[in-house]
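# Geometric and topological summary
Residue-level listing of the chains:
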Amino acid sequence: MTTQALLQLSADIITRYYNNEIEPFLAACHPDVLWIGPANTQIIRTREQLIATVAEEHHNLPLAMPDL
């Protein structure tokens, strides 16, 4: 994958994440991901646990990103 393609994919995943389309982000995570979030209880290990945690939440986090 070229650097430009990787940048475009990353921007797409982040944009979709902030539009509450979290599936592409979760699919891109390693099975043994370590997520350290902003809250004290947001230390999550494994994609499976991250998916379970995200399924319990819903946020409206709009984000505008420039075209790459």
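Since this is a predicted model, take the numbers as computed values, not measurements.

## Focus: unusual backbone geometry
Its identity is not glycine, yet Asn20 carries a phi of approximately 60°, on the positive side. Its place among the elements puts Asn20 in the loop between helix 1 (3-18) and helix 2 (23-28). For Asn20, a relative accessible area of 31% corresponds to the partly exposed category.

## With respect to a nonpolar patch on the surface
A grouping of Met1, Leu6 and Leu9 is seen on the molecular surface, where their side chains present a nonpolar patch of about 340 Å² in accessible area. Relative to the helices and strands, Leu6 resides in helix 1. Judged by its relative accessible area of 46%, Leu6 falls in the partly exposed class.

## Considerations on the packing of aromatic side chains
Across all of its chains, the model carries three aromatic pairs by this definition. Judged by centre distance (5.7 Å) and plane angle (75°), the rings of Phe25 and Trp35 are edge-to-face. Note that Phe25 is positioned in helix 2 and Trp35 in strand 1 (residues 34-36), a separation of ten residues in sequence. Exposure remark for Phe25: the relative accessible area of 19% places this residue in the buried category. Among the aromatic residues, those joined into a cluster by ring pairs are Tyr17, Tyr18, Phe25 and Trp35.

## Points about the pattern of salt bridges
If you walk through the whole model with that rule in mind, you get three salt bridges. Residue Glu21 is joined to Arg16 by a salt bridge in which the shortest nitrogen-to-oxygen separation is 3.2 Å. Relative accessible area serves as the criterion here: at 30%, Arg16 is assigned to the partly exposed category. Members of the salt-bridge network, linked through shared partners, are Asp12, Arg16 and Glu21.

Conventions we followed
- All residue numbers here refer to positions counted from 1 along the written sequence of the relevant chain.
- Residues qualify for local features only when their pLDDT is at least 70, as the model is predicted, and side-chain atom pairs are given and counted only at 80 or more; totals for whole chains, interfaces and linings, by contrast, use all residues.
- Computation of side-chain values: all heavy atoms of the structure, hydrogens and water removed.
- Put simply, DSSP H or I for four residues or longer makes a helix, DSSP E for two residues or longer makes a strand, and each gets a number counted from the N terminus.
- Remark: exposure states derive from per-residue accessible area (1.4 Å probe, protein chains only) relative to the maximum for the residue type, with buried under 20%, exposed over 50%, and partly exposed in between.
- Think of a patch as exposed residues, more than 30% relative accessible area, with no salt bridge, where like charges cluster within 9 Å and nonpolar side chains (Val, Leu, Ile, Met, Phe, Trp, Tyr) cluster within 5 Å.
- Note on areas: these come from Shrake-Rupley sampling with a 1.4 Å probe, and a residue is covered only by the protein chains present in the view.
- Criterion for a salt bridge: a side-chain nitrogen of Lys or Arg within 4 Å of a carboxyl oxygen of Asp or Glu.
- Stacked, tilted and edge-to-face are the three classes assigned to paired rings of Phe, Tyr and Trp, where Trp is represented by its six-membered ring and a pair needs centres within 6.5 Å; plane angles under 30 degrees give stacked, over 60 edge-to-face, the rest tilted.

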